[in-house]
Amino acid sequence: MRPAEALADHRNAVPTLSLSARYGLRNARICGPAARGDDRDGCHLDLLVEAIPELTTLLDIVGMTQEAGAMPGVPVVVRTLEDIHQRFDIDQRFDIDQRFRARVVRDARPL
């Protein structure tokens, strides 16, 4: 099953907006292939969330990942923008990573 199909079929079963608030996260969005409409059977669902400074912990992100992963048929990956490729090395990967992060944010769609 495609992640976008699973999300549409189970949107009420996985209340992601309230789920993200319960775990100290905000602005939950779909990103990756499901957001762009090019997801395939067997892909995972990428969720991009914002951590609340001084409140969100790694355990919150793990908890949301596990609870959202209860959606039948599709593994779920929860990431914060800070998780996405932060490299600062001399071979200019920083610029590539900045462009990749900008693309992730540009492609992200609200739930």
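First, a word on what this report is: a plain description of the structure on this page.

Each value, and the rule that gives it
- Residues numbered from 1 in each chain as written.
- Predicted model: local features only at pLDDT ≥ 70, side-chain atom pairs only at ≥ 80, totals over all residues.
- Heavy atoms only, no water.
- Core = buried A, V, L, I, M, F, W, Y, C linked by side-chain atoms within 4.5 Å.
- Buried < 20%, exposed > 50% of the residue type's maximum accessible area, 1.4 Å probe, protein only.
- Helix = DSSP H or I, 4+ residues; strand = E, 2+ residues; numbered from the N terminus.
- Salt bridge = Lys/Arg side-chain N within 4 Å of Asp/Glu carboxyl O.
- Contact = heavy atoms within 4.5 Å.
- Pairing = 2+ DSSP bridges.

Regarding the nonpolar core
Looking at soluble globular proteins, one finds that nonpolar side chains tend to be buried together.
Working step 1: If you look at the biggest cluster of nonpolar residues, it comprises 18 residues, and the most contacted ones within it are Ile30, Leu45, Leu47, Met64 and Val78.
Working step 2: When contributions to this core are tallied by element, the ones reaching two or more residues are α1 (3-9), β1 (25-31), α3 (33-36), β2 (45-51), α4 (58-68) and β3 (76-80).

With respect to the pattern of salt bridges
Working step 1: Enumeration according to the criterion identifies 9 salt bridges in this entry.
Working step 2: Two residues, arginine 2 and glutamate 5, come together in a salt bridge whose shortest N-O distance is 3.4 Å.
Working step 3: Between glutamate 67 and arginine 22 there is a salt bridge, with the nearest N and O atoms lying 2.4 Å from each other. One end of the pair, glutamate 67, is in helix α4; the other, arginine 22, is in helix α2 (residues 16-22), with 45 residues separating them in the sequence.

Examining unusual backbone geometry
Working step 1: One non-glycine residue, asparagine 27, lies in the positive phi region at around 55 degrees.
Working step 2: You can see asparagine 27 is positioned in strand β1.
Working step 3: Non-glycine residue glutamate 54 carries a positive phi angle of around 70 degrees.
Working step 4: Position of glutamate 54 relative to the elements: it lies in the loop between β2 and α4.
Working step 5: Taking relative accessible area as the criterion, glutamate 54 reaches 87% and is therefore assigned exposed.

Some details on the side chain of aspartate 60
Working step 1: Note that aspartate 60 resides in helix α4.
Working step 2: Beyond its immediate stretch of four places on either side in the chain, aspartate 60 contacts Tyr23, Leu25 and Leu55.

Re the sheet that holds β3
Working step 1: Within the open sheet, the 4 strands sit side by side as β3-β2-β1-β4. Their pairing is mixed. The outermost strands of the open sheet, each flanked by one partner alone, are β3 and β4 (109-110).
Working step 2: In the sheet, β1 pairs with β4 via 2 bridges, with the strands oriented antiparallel. Considered in β4, the bridge of isoleucine 30 is made with arginine 109.

None of the figures reported here should be taken as evidence of function without further support.
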